[in-house]
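Summary of the model geometry
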Amino acid sequence: MNLSLEAFNQLYREYYGRFNRYAYSYVKDKSVAEDFTSETFLQYWESRHSLAPGSNIPAYILKIIKNKCLNYLEHIRIQNAGSEQMQRHSEWELRTRIATLEACDPTELLSNELQHIIDKTLQTLPEQTRHIFILSRYYNKSHKEIASTCHIGTKAVEFHITKALKALRINLKDYF
């Protein structure tokens, strides 16, 4: 179908507002609705020669907008389903950690033998590594707080804690 630019501009002026409101009524996002409407008019203009003579142009444009809205809403639905699944997993993990922690008996976990191995291992570490590890694990200081206290960077704090944990893993390997 051959449509002049003047006829296209008339079509655009007459239907753009209606089609934009139609899209907005479903997507509930002004900029998305405007994008869909503008893109569809452009898509129509570029494919206008391939339409059959006598085609209902407003219906053709509206059908494209409808399909864009459907695809958009389906995408949002899938995103929401994924977010809900991640939320449910996070809640399950949190409940499990709480239940595990509530069931934990610290006196059992830290038997004299284990504590002796831990203390002995810590004594073999360089003084700064031992100090940083103790601040982290026994005093629950954050890496940032430790870095500030020891006048080092947070990466250095991570290095020392990793070094201490490696030594502990080696010495406690029989207990894991």
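Since this is a predicted model, take the numbers as computed values, not measurements. (Residues numbered from 1 in each chain as written. Predicted model: local features only at pLDDT ≥ 70, side-chain atom pairs only at ≥ 80, totals over all residues. Heavy atoms only, no water.)

On to the packing of helix 7 (residues 143–150) against helix 8 (residues 154–171), then. With their axes 8 Å apart at the nearest point, helix 7 and helix 8 run at an angle of 105° to one another. Here helix 8 runs roughly perpendicular to helix 7, going by the angle between their axes. Seen from helix 7, the contacting residues are His143, Lys144, Ile146 and Ala147; seen from helix 8, they are Thr154, Val157, Glu158 and Ile161. In the contact of helix 7 with helix 8, the residues fall into four nonpolar, two polar and two charged. (Axes fitted to C-alpha atoms, helices over the stretch in contact; angles between N-to-C directions. Helix = DSSP H or I, 4+ residues; strand = E, 2+ residues; numbered from the N terminus. Parallel < 35°, antiparallel > 145°, perpendicular 65-115°, else oblique. Contact = heavy atoms within 4.5 Å. Nonpolar A, V, L, I, M, F, W, Y, C, P; charged D, E, K, R; others polar.)

With that settled, the discussion passes to helix 2 (residues 30–47). With 18 residues, helix 2 extends 26 Å between its outermost C-alpha atoms, agreeing within 8% with the 26 Å of an ideal straight helix rising 1.5 Å per residue. Val32, Ala33, Phe36, Thr37, Thr40, Phe41, Tyr44 and Ser47 are the residues of helix 2 that are buried. When helix 2 is viewed along its axis, its buried side chains cluster within an angular range of 165° and face the same direction. Those residues of helix 2 that are exposed and aimed more than 90 degrees away from the buried face are Lys30 and Glu46. The inward-facing, buried residues of helix 2 contact helix 1 (5–27) and helix 3 (57–103). (Expected span 1.5 Å × (residues − 1). Buried < 20%, exposed > 50% of the residue type's maximum accessible area, 1.4 Å probe, protein only. Arc of directions from axis to C-beta.)

Mapping threonine 40 onto the fold places it in helix 2. Residue classification places threonine 40 among the buried positions, given a relative accessible area of 0%.

Within the largest apolar cluster, 17 residues are counted, with the highest numbers of intra-cluster contacts made by Leu11, Phe41, Tyr44 and Ile61. Mapped by element, the contributors of at least two residues to this core are helix 1, helix 2 and helix 3. Top contributing element to this core by residue count: helix 1, with seven residues. Every residue in contact with isoleucine 61, bar those within four places of it in the chain, is listed here: Leu11, Phe19, Thr40, Phe41 and Tyr44. Listed in part, the 10 residues of the second largest apolar core include Ile118, Phe133, Ala164 and Ala167. (Core = buried A, V, L, I, M, F, W, Y, C linked by side-chain atoms within 4.5 Å.)

All right, on to unusual backbone geometry then. Residues other than glycine seldom take positive phi values, yet asparagine 140 does so here, at roughly 55°. Of note, asparagine 140 is situated in the loop between helix 6 (127–137) and helix 7. A positive phi is found at histidine 151, a non-glycine position, where the angle reads about 60°. Examined against the element boundaries, histidine 151 turns out to sit in the loop between helix 7 and helix 8.

Under the definition given, this model contains 12 aromatic pairs. By way of ring pairs, the aromatic residues Phe8, Tyr12, Tyr15, Tyr16, Phe19, Phe41, Tyr44, Trp45 and Tyr60 are connected into one cluster. Its end group placed over the ring of tryptophan 45, arginine 48 keeps NZ or CZ at 3.5 Å from the ring centre. (Phe/Tyr/Trp six-rings, centres within 6.5 Å; stacked < 30°, edge-to-face > 60°. Lys NZ or Arg CZ within 6 Å of the ring centre and 35° of its normal.)

The next subject is the packing of helix 1 against helix 3. The axes of two packed helices give the description: the angle between them and the distance between them. One can describe the packing of helix 1 onto helix 3 by two numbers: an axis separation of 10 Å at closest approach and a directional angle of 25°. Between helix 1 and helix 3, the angle falls in the class roughly parallel. Note that helix 1 runs across helix 3; the crossing there is right-handed. Contacts between helix 1 and helix 3 pair Leu11, Tyr15, Phe19, Tyr22, Ala23, Tyr26 and Val27 from the former with Ile57, Pro58, Ile61, Leu62, Ile65, Lys66, Cys69, Tyr72 and Leu73 from the latter. Looking at the contact of helix 1 with helix 3 residue by residue, the classes come out as 15 nonpolar, no polar and one charged. (Left-handed = near helix turned anticlockwise from the far one by under 90°.)

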